[in-house]
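Coordinate inspection notes
Given next are the chains, with one letter for each unit.
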Amino acid sequence: MNILANYPPTEELQAIDSAHHMHPFTHNSALADKGARVITSAKGVWLKDSEGEEIIDGMAGLWCVNIGYGRTELAEAAARQMRELPFYNTFFQTTTVPALMLAKKLAELAPGDLNNVFFANGGSDANDTNLRMVRTYWAEKGQPDRDVVISRWNAYHGSSMGSASLGGMKGMHGQGGLPIPGITYIDQPDWWSEGGDMTPEDFGLERAQQLEAKIKEIGPEKVAAFIAEPIQGAGGVIIPPTTYWPEIQRICKKYDILLIADEVICAFGRTGNWFGSQTLGIQPDIMTVAKGLSSGYIPIGASIVSDRVAAVIRDTDFNHGYTYSGHPVACAVALENLRIIEEEDIINQVRNVTGPYLRKKWEALADHPLVGEAKIVGMIGSIALTPDKASRAAFAVEGGAIGLLCRDQCFANNIIMRSVDDRMVISPPLTITCDEIDILIARAIKSLDETYAKLKAGGMLVSA
Ligand code: PXG
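Below is a short write-up of the structure. (Residues numbered from 1 in each chain as written. Predicted model: local features only at pLDDT ≥ 70, side-chain atom pairs only at ≥ 80, totals over all residues. Heavy atoms only, no water.)

Remarks on the nonpolar core
Defined as follows: What is meant by a nonpolar core is a set of buried Ala, Val, Leu, Ile, Met, Phe, Trp, Tyr and Cys residues, joined one to another through side-chain atoms within 4.5 Å. The rule is simple: take the accessible area with a 1.4 Å probe, protein chains only, and divide by the maximum for that residue type; under 20% is buried, over 50% is exposed, in between is partly exposed. An automatic or database domain assignment is the source of the domain bounds shown.
Residues Phe268, Phe275 and Leu385 are the most contacted members of the largest nonpolar core, which totals 63 residues. Looking at which domains feed residues into this core, each of domain 1 (37-67 + 345-457) and domain 2 (73-343) supplies at least three. The next biggest cluster of nonpolar side chains, apart from the first, holds 38 residues, and it includes Leu47, Ile186, Ile215 and Ile231.

Written out as structure tokens, the structure is:
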């Protein structure tokens, strides 16, 4: 059966979906009651569903379709590679041309001495690699007790046992016996929600200095690494105050703590540079990448490792790897994706043209009665919904219910914006045009207006 051209009616598809398909991060029974929206095709920034509705995708799939949908060059690269060599492993003294070429390309693109690439299938398993790698690094250097990794509350680093433990999502820790030992957390640099009366700059410093306090509490000789996203994505697009990262960098250097920048969302143009670390002024020892590496066309992730760390790991048997590490088809698709980003000058377009255009319109959303702060860097932004801007109040209704209401309103208006608690976030394809940005913003405003009207009518514009 050609499922692309000849699928059953929507209701039937939804019934099959709810009978057999368990969705991630979803209350599946509740979803079954209303039925999942069936996405059937896409081009550029536009999704189409099984009812023929056209939806503007403000989230680039799941923060990943950087070059937009429908690029047949990637399909052709995959088909070519599948015909030539669909799979071969990289475990036992063998390699493949796409894997080595992609490793070389990433080494060229990555800043500083990040010249060494260990492949994974996505961000979660790349972060598992990082956890084992930094501990192995210190053990090989004769410091096996140096095994604690410091992370941040409300960080997202993946969903496997290791990466979800590295993450600081309390709801995830509550299920399945997490976190695993040897991981500890400091607070996030979310000035809007947690900054109180401090200036953003003072608050950024204070939050960064929690790292130093934590290192002293544990003992520097026990700390292996600090892991963080340059800009927290799944945590609500938390863009840290300008004082934050320089202070983190200073502290990591002072105590010789390895710095892992989780670039799964920030890399490949999202912030207006190849890597978020360049935008935020970070010099990591390891970068985690995934998502935009293939623009989501095929699963692939990687750890990009500094010469210093790699020298030690290369000199030992690192007993770690995935069947599909360096999968030739995934690597061929990623290479084609990077070629397109480079040759079509997509990152400069974000930095100089579409990014500034979006920024102006996005920041103007702060004038809406429902919106407190509106922040954006490149093509990743968020707005905080609030019943009272002046006091930066949270809503009396808890659990991100207002955000969910706004998200559903967006969905009904054929715009995808994701809610994280009561923040709305966007991360559109980097190829979005100025005309499409106008449509995105118009639909966002319509959705905010409708949400506001509903809250007013329901008496829910009440501070906690
Ligand atoms: N690190 C970061 C920073 C991420 O954003 C991962 C690691 C894990 O990658 P994989 O490929 O294993 O999923 C991510 C993934 C959301 C959402 O709801 C975000 C992610 C994944 C799923 C949902 O915003 N980010």
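Here we look at the site of the ligand
Note the following rule: Residues are labelled near a given molecule or strand when at least one of their non-hydrogen atoms is within 4 Å of it. N or O atoms within 3.5 Å of each other form a polar contact, as long as, within protein, one can give a hydrogen and the other can take it, and as long as residues adjacent in sequence are counted only when both atoms are side-chain atoms. Surface accessibility in these figures is a Shrake-Rupley result with a 1.4 Å probe; residues are shielded only by whichever protein chains are displayed. The numbering of helices and of strands both runs from the N terminus, where a helix is a DSSP run of H or I of at least 4 residues and a strand a run of E of at least 2.
The full set close to the ligand counts 16 residues, and Trp63, Gly123, Ser124, Asp262 and Arg418 are the nearest of them. Gly123 places a main-chain nitrogen or oxygen 2.9 Å from an oxygen atom of the ligand. Note that an oxygen atom of the ligand is positioned 2.5 Å from one of the side-chain N or O atoms of Arg418. Protein chains shield 82% of the accessible area of the ligand, which is 540 Å² for the free molecule. Mapped by element, the contributors of at least two residues to the shell around the ligand are helix H3 (60-63) and helix H6 (123-140).

Considering the sheet that holds strand S13 (residues 415-416)
Which entries qualify depends on this criterion: Two strands are said to pair when DSSP picks up at least two bridges between them.
On the basis of which strands lie adjacent, the open sheet formed by four strands has the order S1-S2-S3-S13 and mixed pairing. Both edges of this open sheet fall to strand S1 (39-43) and S13, since each of them pairs with a single strand only. Across three bridges, the pairing between strand S2 (residues 46-49) and strand S3 (residues 54-57) is antiparallel. Its bridge partner lying in S3, Lys48 is registered against Glu54.

Observations regarding the packing of helix H4 (residues 72-84) against helix H14 (residues 328-343)
Quick note on the threshold: Fitted lines through C-alpha atoms give the axes, limited to the stretch in contact for helices. The angle between two N-to-C directions lies from 0 to 180 degrees. An angle below 35 degrees is read as roughly parallel, one above 145 as roughly antiparallel, one from 65 to 115 as roughly perpendicular, and any other as oblique. Less than a right angle of anticlockwise turn of the near helix away from the far helix marks a crossing as left-handed, whereas a clockwise turn marks it as right-handed. Contacts are assigned to residue pairs with any non-hydrogen atoms lying within 4.5 Å of each other. Only Asp, Glu, Lys and Arg are considered charged in this grouping, and only Ala, Val, Leu, Ile, Met, Phe, Trp, Tyr, Cys and Pro are considered nonpolar; every other residue, Gly among them, is considered polar.
Look at H4 against H14: their axes get within 8 Å of each other, and the N-to-C directions meet at 150 degrees. Taken together, the axes of H4 and H14 are roughly antiparallel relative to one another. Regarding H4 and H14, the two cross each other, and that crossing is right-handed. Contact residues: Glu73, Leu74, Ala77, Ala78, Gln81 and Met82 in H4; Pro328, Val329, Ala332, Val333, Glu336, Asn337, Arg339 and Ile340 in H14. For the contact of H4 with H14, the per-class residue count stands at nine nonpolar, two polar and three charged.

Section: the pairing of strand S10 (residues 301-306)
On a regular strand, one side chain projects to one face of the sheet and the next to the other, so that they alternate. In terms of residue burial, S10 counts as a mostly covered element, since six of its six residues are buried. The side-chain alternation of S10 yields two buried faces, one formed by Gly301, Ser303 and Val305 and the other by Ala302, Ile304 and Ser306. In this structure, strand S4 (residues 114-120) lies alongside S10, joined through six bridges in antiparallel fashion. Paired with Val117 across the bridge in S10 is Ile304. Taken together, the four bridges between strand S9 (residues 286-289) and S10 define a ladder with antiparallel strand orientation. Residue pairing in the sheet places Thr288 in a bridge with Ser303 of S10.

Examining the environment of Gly301
Relative to the helices and strands, Gly301 resides in strand S10. In this structure, the C-alpha to C-alpha distance between Gly301 and Arg423, residues 122 residues apart in sequence, is 28 Å. Among residues more than four places away in sequence, those in contact with Gly301 are Phe119, Ala120, Asn121, Gly122, Val289, Ala290 and Leu293.

Side note on the pattern of salt bridges
Pairs may arise between side chains of opposite charge once their charged atoms sit close together. Filter applied, for reference: A pairing counts as a salt bridge when a side-chain nitrogen of Lys or Arg comes within 4 Å of a carboxyl oxygen of Asp or Glu.
Taken as a whole, this structure holds 23 salt bridges when the rule is applied. Lys104 is paired through a salt bridge with Glu108; the nearest N and O atoms lie 3.3 Å apart. In this pair, Lys104 and Glu108 both sit in helix H5 (residues 97-109), four residues apart, roughly one turn of the helix. Residue Lys254 pairs with Glu212 through a salt bridge whose shortest N-O separation is 3.0 Å. Taken together, the positions of Lys254 in helix H11 (residues 244-255) and Glu212 in helix H10 (residues 200-218) put the pair 42 residues apart, joining distant regions of the chain. Three or more residues joined by partner-sharing salt bridges are found here, namely Lys104, Lys105, Glu108 and Glu342.

Description of the packing of H5 against H14
For the pair H5 and H14, the least separation of the axes is 8 Å and the interaxial angle reads 35 degrees. The hand of the H5/H14 crossing is left-handed. Residue-level inspection shows Pro98, Ala99, Met101, Leu102, Lys105, Leu106 and Leu109 of H5 in contact with H14, the latter providing Pro328, Cys331, Ala332, Ala334, Leu335, Leu338 and Glu342. Its residues assigned to classes, the contact of H5 with H14 shows twelve nonpolar, no polar and two charged.

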